[in-house]
Amino acid sequence: MKPDQEERALRRARWAITAQIAVVVSMLVAVAGAIAYGMLLTRQHAEADRSLARTVELGPAATPPGCVWLFTPVLHAPAGPSPAGMPIAALDATVPSPGDVHTERRPIGGMTYTIRVENRGGVVSQAYFEELYQIQDRSSLVSGLVVAEVLALLAAVLCGRVLACRAIRPLADALRRQRTFVADASHELRAPLTRLHTRAQLLARRSSGRDAEDLEQLVRGTRELGEVVEDLLLSAQACDRPEFELVELGGLAEEAVAAEAVRAGESRVRLAVSRERRPYVVQGVPTALRRVLSALLDNALGHTPPGGSIEVWLGVPDEKHVELRIRDTGVGFPSADAERIFERFARGSDGDGRRFGLGLALVREVVTGHGGTIAAAGRPGDGATFTLRLLRADPA
């Protein structure tokens, strides 16, 4: 990952932490506000019910409290005009027997009232409680809660941002130290690798026969190692990656197989390429694709016992893709591990144990960066097959 990509990832992580803190604080304030609103509403209803019950009990002889009207069959209290729509004659039917009580809340003339209808000794009384001031109290509480929610959200964003920056800072420092180490190590390795590559070239020119072929393989290996170091240095220095170019995947596969021929011979493993004599051209970075093939062959050789075989097959499954399969007759793996083996530092219990758990993970990253896919299939004791599919390019 490039430094600018790392910085964007860290920035997203900071904002993600900030957003999570803000959401949690907002939810806590909202829950607290809902509890307060519910408690206020319950208390107001209880207060209205008590006031109406007391008014009906005292009867019209006593003056009702403010915002309360009492209606009996002969008069209503307090004296004077009452709000339009009172009393409601149909409510008398809700208390047919002495001792019956009916309570409800309904709007009348644009205002909400709590209504108590009670049958006391055969006399039906209706008492009305106007909820104007209660509604105003609830509105004031809601307004205060909205203000509190906004202030809490702003405070949560500010505090969350500070906490997120503090939480991410160690990771940012670690990434910075990693880039510095990669840059320093790559820079220090360039000179000795260049000298090694030059000496290998001189020896290859002076040799002949079998020695010349082996030295030519050594020259290719030192060149590939130099390309890896150069890519690491470019990545650490935030330079742009090389642009995609036309790559003949069949040629790269044959070079990778030739580079591993000696190791395969020592392990008594048959290694071969199966392809038609046609171009398998894709768009990509040659050095990156070469490392993909080397990693896949290294994995196959590490898991194939003596006497086994590894086949590299190239084909064109459709007009848009080039497919490369590496099939070995090694120890294989359970089908449930087909995805896990591409995770970083994941490793099976079989093989020669020379890898550090990053090879296949990096292979998938490179293939994905090229717009392709890679999949693995296998069974224990029956080998494994890695299928690489890349977009086909027009050689013209």
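Everything quoted here is computed from the prediction, not taken from an experiment.

### Re the overall build of the protein chain
- Within the protein chain, the secondary structure is distributed over seven helices and 12 strands.
- Taken over 396 residues, the protein chain has a buried fraction of 36%.
- A separation threshold of at least 6 residues defines the contact pool for the protein chain, and within that pool the share at least 24 residues apart is 65%.
- When the accessible area of the protein chain is evaluated, it comes to approximately 22,400 Å², of which 59% is carbon and sulfur surface.

### With respect to a nonpolar patch on the surface
- A cluster of nonpolar side chains, namely Val142, Val146, Val147, Val150, Leu151 and Leu154, defines an oily patch on the protein surface of about 520 Å² accessible area.
- Inspection of the secondary structure assignment puts Val146 in helix α2 (residues 132-206).
- With relative accessibility at 48%, the residue Val146 sits in the partly exposed group.

### Focus on the sheet that holds strand β2 (residues 76-77)
- Taken together, five strands build an open sheet; the order of strands is β2-β1-β5-β4-β3 and the sheet is antiparallel. Each edge of the sheet is formed by a strand with only one pairing partner; in this case those strands are β2 and β3 (101-108).
- Bridge count between strand β1 (residues 68-71) and strand β5 (residues 123-130): four bridges; the pairing is antiparallel. Looking at β5, one finds that Val68 is bridged to Phe129.

### Comments concerning helix α4 (residues 249-259)
- Of the positions making up α4, those classed as buried are Leu249, Gly250, Leu252, Ala253, Ala256 and Val257. One side of α4 holds all its buried residues, which, seen down the axis, span an arc of 160 degrees.
- Where α4 begins, the capping side chain belongs to Glu248, and its oxygen is found 3.2 Å from the backbone nitrogen of Gly250.

### Side note on the sheet that holds strand β12 (residues 384-391)
- Ordered in space as β7-β9-β10-β12-β11, the five strands form an open sheet in which the pairing is mixed. One side of each edge strand has no neighbouring strand; the edge strands of this open sheet are β7 (270-274) and β11 (373-378). Ignoring which end each strand starts from, the neighbouring axes of this sheet average 15 degrees apart.
- Across the face of the sheet, α4 comes into contact with β7, β9 (309-318), β10 (321-328) and β12 while running at roughly 175 degrees to β9.
- The strands touched by helix α6 (residues 286-302) within the sheet are β7, β9, β10, β11 and β12, with β10 carrying the most contacts at an inclination of about 25 degrees.

### Here we look at the pattern of salt bridges
- Applying the stated criterion across every chain, the model contains 19 salt bridges.
- Between Arg54 and Glu57 there is a salt bridge; the shortest N-O distance is 3.7 Å. In this pair, Arg54 and Glu57 both sit in helix α1 (residues 3-58), three residues apart, roughly one turn of the helix.
- Since its relative accessible area comes to 48%, Arg54 is described here as partly exposed.
- Owing to a relative accessible area of 48%, Glu57 belongs among the partly exposed residues under this scheme.

### Topic: unusual backbone geometry
- The linkage connecting Met86 with the following residue, Pro87, adopts the cis geometry, with an omega of -10 degrees.
- Tracing the backbone through its elements, the reader meets Pro87 in the loop between β2 and β3.
- We note that Cys67 has phi near 70 degrees; this positive angle belongs to a residue other than glycine.
- With respect to the element layout, Cys67 can be found in the loop between α1 and β1.
- A relative accessible area of 22% places Cys67 in the partly exposed class.

### Comments concerning the packing of aromatic side chains
- Taken as a whole and judged by the stated rule, the model has two aromatic pairs.
- Seen from their ring centres, Phe71 and Tyr128 are 5.6 Å apart, and the 90 degrees between their planes marks the pair as edge-to-face. Of the two residues, Phe71 is situated in strand β1 and Tyr128 in strand β5; the sequence distance between them amounts to 57 residues. Of the two residues examined, Phe71 and Tyr128, each falls in the buried class.
- Both rings, one in Phe342 and one in Phe386, keep their centres 6.2 Å apart while their planes meet at 85 degrees; by these two values the pair is edge-to-face. Here the residue Phe342 occupies a position in the loop between β10 and α7 (359-369), and Phe386 occupies one in strand β12, the gap between them amounting to 44 residues.
- For Phe342, a relative accessible area of 6% translates into the label buried.
- Looking at Phe386, the relative accessible area reads 4%, which means it is buried.
- For Arg161, the ring lying beneath its charged end belongs to Trp15, and the centroid distance is 4.3 Å.
- A cation over a ring is seen here: Arg325 above Trp313, with NZ or CZ 4.1 Å from the ring centre.

### Notes on the UniProt feature "transmembrane region" (unreviewed entry) in the protein chain
- Under the feature "transmembrane region" (unreviewed entry), the UniProt entry names residues 21-40.
- As annotated, residues 21-40 has a helix share of 100% and a strand share of 0%, and its two end C-alpha atoms lie 29 Å apart.

### Details of the confidence of the model for the protein chain
- Per-residue confidence for the protein chain averages 84 on the pLDDT scale, and 87% of its residues sit at or above 70.
- Predicted confidence for residues 351-357 stays below pLDDT 50, and this span has 17 contacts to residues more than four positions away or in other chains.

### As for the environment of Pro107
- Relative to the helices and strands, Pro107 resides in strand β3.
- Given the relative accessible area of 65%, Pro107 is considered exposed.
- For the pair Pro107 and Glu131, spaced 24 residues apart in the sequence, the C-alpha separation amounts to 9.9 Å.

Rules used in this analysis
- Residues numbered from 1 in each chain as written.
- Predicted model: local features only at pLDDT ≥ 70, side-chain atom pairs only at ≥ 80, totals over all residues.
- Heavy atoms only, no water.
- Helix = DSSP H or I, 4+ residues; strand = E, 2+ residues; numbered from the N terminus.
- Buried < 20%, exposed > 50% of the residue type's maximum accessible area, 1.4 Å probe, protein only.
- Contact = heavy atoms within 4.5 Å.
- Areas by Shrake-Rupley, 256 points an atom, 1.4 Å probe, with all protein chains shown as cover.
- Patch = residues over 30% accessible without salt bridge, like charges linked within 9 Å, V, L, I, M, F, W, Y side chains within 5 Å.
- Salt bridge = Lys/Arg side-chain N within 4 Å of Asp/Glu carboxyl O.
- Pairing = 2+ DSSP bridges.
- Arc of directions from axis to C-beta.
- Polar contact = N/O pair within 3.5 Å; in protein donor to acceptor, adjacent residues only side chain to side chain.
- Axes fitted to C-alpha atoms, helices over the stretch in contact; angles between N-to-C directions.
- Phe/Tyr/Trp six-rings, centres within 6.5 Å; stacked < 30°, edge-to-face > 60°.
- Lys NZ or Arg CZ within 6 Å of the ring centre and 35° of its normal.
- UniProt positions renumbered as here; feature names shortened; annotations may be inferred.
- pLDDT = per-residue confidence, 0-100.

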